[in-house]
Every structure is written in C-alpha cells, then in structure tokens.
Amino acid sequence: SSILTAEAEAMLAGVYLDTKGFSTRTGVRTFEAAAYLRRAGAESSDVKRLFQSSFDQYMERQKLISSARDCGQGVIFAITGEEVDRIAAAQAADELLSIIGTHASVVAFRSGNDMAARAAGHVNVQLLMERLGGGGNHSAAGAQLKNTTPEEADKLITDAIRGYFDDQRTEKQDDNK
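Let me sum up the structure you'll find in this document. Keep in mind that this is a model prediction, so the values were computed, not measured.

A short note on the overall build of the protein chain
- Along the protein chain, the regular secondary structure elements total seven helices and six strands.
- What you see in the protein chain, going N to C, is helices and strands ordered as α-α-α-α-β-β-α-β-β-α-β-β-α.
- Counting only C-alpha atoms and orienting by the principal axes, one finds that the protein chain spans roughly 55 × 45 × 25 Å.
- By the burial criterion, 37% of the 177 residues in the protein chain qualify as buried.
- A separation of at least 24 residues holds for 56% of the contacts in the protein chain among residues at least 6 apart in sequence.
- Of the accessible surface of the protein chain, which amounts to about 10300 Å², a share of 52% is contributed by carbon and sulfur atoms.
- One finds the centroid of the 20 positive side-chain charges in the protein chain at a distance of 2 Å from the centroid of its 25 negative side-chain charges.

What follows is the structure, encoded as structure tokens:
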C-alpha cells in the first residue's frame, strides 16, 4: 500500500522533531524510514520549513538565551521574569545544549502568576525537575512553580541544581563503599 505525499511529509516531520533534526536517538532504522518517506514524496526542505520561527519567536528565544549563566557541573540556567511562549522556552533549552561542555540546561519563565521551568540534557533532568514538583523523562522535563516570583524561582532552581549534584555525589560515594 502506498502513502500520500502529505502523509509522508507529516511522518518525516515527526521523525525530524523526535530526533531533533536527526541529531539524537537515531539509528539505521531511523534513516531507512526517512529514506522510505523521501521515496514516497516527502521533501526534507519542506519539512524543515515547518519548523522555522518567525522573527519575533527567534528574538524571544535569543533574549532568553542571552540571560543564561553557567551553574557549573555542565549546567546552564536561563531565567526571565517575562511571559515566554512554552515552545520558545523548550527551543532555548535545546539550543543551550549546543554549548561545549553543557550536560543540561534549565530555562525558567513567567507563565501567568507562576514560573515555569523547562529542562533538557544528558543528565537526568527528570530528577532535577521532580525537586521542583515537576517531572518528565531523563532528557526533557518541566515544572510549574505556583505563585512564585522570578527571584524566588531563581533561588529554588539554583538550590535544586545544587541538591541534584549533591545527591549524585552521595550516590557515587555509596556505590564505592
């Protein structure tokens, strides 16, 4: 059975999104599937265009990234007191991971009366966000900090990052006993 070009492009867009542009979680089968979808008429340039940002979205993301600071241990943290689109925050967190030596990134932003945090990376960011009452998975997680000012969120998140690494050190010491 054959698939329509639009269906092939939708599926290729899903693969592109899930693998962050074929840069993570890829294997031979991923590329074989992409090749099949290309033969079915999916155009990778059209799929890429689906993920382009508007100028305003791009500037919002860059402004957020420009607020980033290095928390040590390979963690970059960016925070703003401004309302930020959740997608822009997630994209900023992903973009911060491209910095050499970065194992995790956390981006915090205003969401109504709350602060929200998005985390991404190669350390277990789920455990990090659970410290803030959130969750997710090993490489992508989030938390909602109810009725929290940016200043309070900054301290809570910084403490959570410090606590996460203190726990990791303790676990390693326990494993070595």
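And the narrative resumes.
Focus: the pattern of salt bridges
- Applying the stated criterion to the full structure yields 11 salt bridges.
- Taking the shortest distance from any N to any O, the salt bridge between Asp159 and Arg162 comes out at 3.2 Å. With Asp159 and Arg162 both in helix α7 (residues 150-175) and three residues apart, the pair spans about one turn of that helix.
- For Asp159, a relative accessible area of 32% puts it in the partly exposed group.
- Exposure remark for Arg162: the relative accessible area of 48% places this residue in the partly exposed category.

Describing a nonpolar patch on the surface
- Taken together, the side chains of Leu17, Leu50 and Phe51 present a nonpolar region at the surface, about 310 Å² in accessible area.
- Tracing the sequence through the fold places Leu17 in helix α1 (residues 5-18).
- Relative accessible area serves as the criterion here: at 56%, Leu17 is assigned to the exposed category.

Describing the packing of aromatic side chains
- Enumeration over the complete set of coordinates arrives at four aromatic pairs.
- Ring geometry for Tyr16 against Phe22: centres 6.2 Å apart, planes inclined by 75 degrees, an arrangement best described as edge-to-face.
- Taking relative accessible area as the criterion, Phe22 reaches 25% and is therefore assigned partly exposed.
- Clustering of aromatic rings is evident, with ring pairs tying together Tyr16, Phe22, Phe31 and Phe51.

A few points about the packing of α1 against helix α2 (residues 28-39)
- In contact at an axis separation of 9 Å, α1 and α2 are set at 155 degrees when each is read in the N-to-C sense. By the angle between their axes, α1 is roughly antiparallel relative to α2. Pair α1 / α2 crosses with left-handed handedness. Taking contact as the criterion, the partners of Ala8, Met11, Leu12 and Val15 in α1 are, on α2, Thr30, Ala34 and Leu37.
- Tallied by class, residues from the contact of α1 with α2 come to six nonpolar, one polar and no charged.

Quick word on the sheet that holds strand β3 (residues 104-111)
- On the basis of which strands lie adjacent, the open sheet formed by six strands has the order β1-β2-β3-β4-β6-β5 and mixed pairing. Edge strands, defined here as strands with exactly one partner in the open sheet, are β1 (69-70) and β5 (135-136).
- Most of the contacts of helix α5 (residues 86-96) go to β3, to which it runs at about 160 degrees, and overall it touches β2 (75-83), β3, β4 (114-121) and β6 (140-145).

Digging into the side chain of Thr80
- In this structure, Thr80 sits in strand β2.
- Of the residues examined, Thr80 reaches a relative accessible area of 16% and is grouped as buried.
- Engagement of the side chain of Thr80 in a polar contact is seen with the backbone nitrogen of Glu82, the distance being 3.2 Å.
- When neighbours within four sequence positions are excluded, Thr80 is seen to be in contact with Leu64, Ala108, Phe109, Arg110 and Met115.

Comments concerning the environment of Thr170
- Mapping Thr170 onto the fold places it in helix α7.
- Along the sequence, Thr170 and Arg39 sit 131 residues apart, while their C-alpha atoms lie 52 Å from each other.

Let's talk about unusual backbone geometry
- One non-glycine residue, Arg25, adopts positive backbone phi at about 50 degrees.
- A positive phi angle, close to 60 degrees, is found at Gln73, a residue other than glycine.
- Position of Gln73 among the secondary structure elements: in the loop between β1 and β2.
- Here Gln73 falls in the partly exposed class, since its relative accessible area comes to 46%.

Rules used throughout
Sequence positions are assigned chain by chain, starting from 1 and proceeding in written order. For a predicted model such as this one, the threshold for reporting local features is a pLDDT of at least 70, and the threshold for listing and counting side-chain atom pairs is 80 or more; totals across whole chains, interfaces and linings nevertheless cover every residue. The side-chain numbers reported here are obtained from all heavy atoms of the structure, hydrogens and water having been left aside. Helix numbering and strand numbering both begin at the N terminus, where a helix is a DSSP run of H or I of at least 4 residues and a strand a DSSP run of E of at least 2. A 1.4 Å probe rolled over the protein chains alone gives each residue an accessible area, and that area as a share of the maximum for its type sets the label: buried under 20%, exposed over 50%, partly exposed in between. When checking whether two residues touch, look at their non-hydrogen atoms; a contact exists if any pair is within 4.5 Å. Method for areas: the Shrake-Rupley scheme with a 1.4 Å probe, in which residue coverage is limited to the protein chains shown. Under the convention used here, Asp and Glu are negative, Lys and Arg are positive, and both His and the chain ends fall outside the count. Each charge is placed at NZ for Lys, CZ for Arg, CG for Asp and CD for Glu. For this analysis, a salt bridge means a side-chain nitrogen from Lys or Arg found within 4 Å of a carboxyl oxygen belonging to Asp or Glu. Patch membership requires over 30% relative accessible area and the absence of a salt bridge. Like charges are linked within 9 Å, and nonpolar side chains (Val, Leu, Ile, Met, Phe, Trp, Tyr) within 5 Å. Pairing of aromatic side chains requires ring centres within 6.5 Å, counting the rings of Phe and Tyr and the six-membered ring of Trp. Pairs whose planes differ by under 30 degrees are stacked, by over 60 edge-to-face, and all others tilted. Inter-axis angles, ranging from 0 to 180 degrees, are taken between N-to-C directions of lines fitted to C-alpha atoms, where helices are fitted over the stretch in contact. Working rule for angles: under 35 degrees goes down as roughly parallel, over 145 as roughly antiparallel, 65 to 115 as roughly perpendicular, anything else as oblique. Each helix crossing is assigned a hand: it is left-handed if the near helix lies turned anticlockwise from the far helix by less than a right angle, otherwise right-handed if that turn is clockwise. By the convention adopted, Pro, Cys, Tyr, Trp, Phe, Met, Ile, Leu, Val and Ala count as nonpolar, Lys, Arg, Asp and Glu as charged, and the other residues, Gly among them, as polar. Whether two strands pair depends on DSSP finding at least two bridges between them. Pairs of N or O atoms are called polar contacts if they sit within 3.5 Å, as long as, within protein, a hydrogen donor faces a hydrogen acceptor (for residues adjacent in sequence, only side-chain-to-side-chain pairs).

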